[in-house]
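These are the residues of each chain, in order.
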Amino acid sequence: MTGSYTKMWESLGLDLEAHDRLLQAIPPAYGEVYLNQENRPKGMEYFDFVINEIHGLRIQELQDHKAGGGKVIGAFCVFVPEEIVRAAGGICIGLCSGAEIGFDLAEKVLPRSICPLIKSFMGFKLARVCPYFESCDLVVGETTCDGKKKAFEILSDYVPVHVMEVPQMKREKDRSLWAGEVREFMARMEKYTGNRVTEDSLRRAVREVNAKREALMRLAGLRKNSPAPISGKDSLLINQIAMYDDVGRFTAKVNELCDELEIRVREGRGIREQGPRIVITGTPMAVPNWKVPHIIESSGAVVVAEELCTGLRYFENTVNEAGENLDRMIDYIADRYLDINCACFTPNRGRLERLISLVDEYGADGVIHCSLTFCDPYAVESYRVEQALREKGIPLLKIETDYGQGDSGQLKTRIEAFLEMIGRSGE
Ligand code: BJ8
């Protein structure tokens, strides 16, 4: 990939040496975590190709879009309404922030003891190694957690940032505040892109993004079968790619994969015939953070669902398509997003209820709660998760980790002990 894209990376202002080091680190990690899996569906070839071209083909597509006058909008949270960006003719890209990149630079502007996701997005920007970030005309921040909220102030020294105020409760007045934020965001998008959002363009965008979510729901539904027809690692990868790939192409490829998986299910073939079934929950797992699912699945279990923003929280609710005019459509969009159960909300009972129903729907044997270090919302909420699952007799393992590999051995020991425990209690 390197040779043909160097000019493009140079024109984006990347630090080419640091970028080369990053690109060299991805293939061995990807080979070990992904390509070594046995029994992978053939439909994963497309997603392998996307990763292989991660800084190539898709970036070229973004540049072509920009050359035609289009805008690229970056986001770090599943609260940013992709429909609005698309209706204004823009492309919405989920920026990944899942690796320890540029941490030394990030620590010059941020405290050392801050969540690695925040440190990572700042690091990627300051180290100039992410062509997605460098392609963004505007980044959308949000007021979800304190760390992010304050970090966006600093990030705005380096790239234009628009911050959406996400309320912290879900009362009627919070709903109207959020609907107002969505409207303001739409006005900003219109101004920024120079395109008016019309009923037609918004309706089309809602349908496209709903179709993407429905394809992901179809994939999730197939994982309810036993044996599961696809690994949790592959499913996570697909969810990660969902955030930046071309919407129409991605949707078609997920549906193709689902056609193949339906045949597997009919034939009773799975990724692994036996082993505990696990639901993971907690903070998002951004590319290339595959650490915990890899440890779980290389210890003999299969992850069947992710109650994560790189999982069900991203796609499980669709926008109501019945909006009869622009105003109603925007309300429906706002409603859909406010249904997301982020730990930044208080109370957040919906997440606990969803988790319990997931264990039942997916025939899971246990739950692993995984939060990033220094993430207060999820770490504190894990107590409520523990209480709720205990009441239902659902086994839970709580872990806290970062993007380093230093704790992999210790995590493996704890995860193996948990799997053995739930294996024994299920005998
Ligand atoms: S909707 S989970 S994507 S905010 S891990 S930065 S919460 S300290 S990422 Fe999130 Fe939106 Fe919520 Fe989802 Fe802060 Fe915690 Fe770090 Fe986090």
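Just so we're clear, the structure is a prediction, and the values are computed from it rather than from any experiment.

Cut-offs and rules
Residues numbered from 1 in each chain as written. Predicted model: local features only at pLDDT ≥ 70, side-chain atom pairs only at ≥ 80, totals over all residues. Heavy atoms only, no water. Near = heavy atom within 4 Å. Nonpolar A, V, L, I, M, F, W, Y, C, P; charged D, E, K, R; others polar. Buried < 20%, exposed > 50% of the residue type's maximum accessible area, 1.4 Å probe, protein only. Helix = DSSP H or I, 4+ residues; strand = E, 2+ residues; numbered from the N terminus. Pairing = 2+ DSSP bridges. Right-handed = clockwise from strand over helix to strand, strands pointing away. Phe/Tyr/Trp six-rings, centres within 6.5 Å; stacked < 30°, edge-to-face > 60°. Lys NZ or Arg CZ within 6 Å of the ring centre and 35° of its normal. Core = buried A, V, L, I, M, F, W, Y, C linked by side-chain atoms within 4.5 Å. Contact = heavy atoms within 4.5 Å.

**Overview of the site of the ligand**
For step 1, the next point in the chain: Taken together, 17 residues sit near the ligand, with Cys77, Cys145, Cys309, Cys342 and Cys375 positioned nearest.
For step 2, the next point in the chain: Of the residues in the shell around the ligand, the class split is 13 nonpolar, two polar and two charged.

**A few points about the pairing of strand β8 (residues 396–401)**
For step 1, the next point in the chain: Burial along β8 is one-sided: the face carrying Leu397, Ile399 and Thr401 is buried and the face carrying Leu396, Lys398 and Glu400 is not.
For step 2, the next point in the chain: Note: strand β7 (residues 366–372) against β8, six bridges, orientation parallel. Among the inter-strand pairings, Leu372 is bridged to a residue of β8, identified as Thr401.
For step 3, the next point in the chain: Tracing the backbone out of β7, into helix α18 (residues 376–391) and back to the parallel element β8 gives a crossover that is right-handed.

**Looking at the packing of aromatic side chains**
Note on aromatic pairs: each is described by the distance of the centres and the angle between the planes.
For step 1, the next point in the chain: Applying the stated criterion across every chain, the model contains 13 aromatic pairs.
For step 2, the next point in the chain: When the centroid spacing of 6.1 Å and the interplanar angle of 35° are considered together, the rings of Phe76 and Phe152 count as tilted. Remark: Phe152 occurs in helix α9 (residues 146–155) and Phe76 occurs in the loop between β1 (72–75) and α5 (82–87); sequence separation between them is 76 residues. For the pair Phe76 and Phe152, one class covers both residues: buried.
For step 3, the next point in the chain: Clustering of aromatic rings is evident, with ring pairs tying together Phe76, Phe121, Phe133 and Phe152.
For step 4, the next point in the chain: The aromatic ring of Phe345 is capped on one face by Lys170, whose charged end is 4.4 Å from the ring centroid.

**Some points on the nonpolar core**
For step 1, the next point in the chain: Formed by 152 residues in total, the largest nonpolar core has its most connected members in Phe47, Phe79, Phe121, Phe133, Leu155 and Ile238.
For step 2, the next point in the chain: Here the element with the most residues in this core is helix α11 (residues 199–222); it accounts for eight residues.
For step 3, the next point in the chain: If sequence neighbours within four positions are ignored, Phe121 has contacts with Phe76, Ser97, Phe133, Lys148, Ala151, Phe152 and Leu155.

**Section: the pairing of strand β4 (residues 161–164)**
For step 1, the next point in the chain: Across four bridges, the pairing between strand β3 (residues 138–142) and β4 is parallel. Residue pairing in the sheet places Val140 in a bridge with His162 of β4.
For step 2, the next point in the chain: Between the parallel pair β3 and β4, the chain is carried across by α9, and the sense of this crossover is right-handed.

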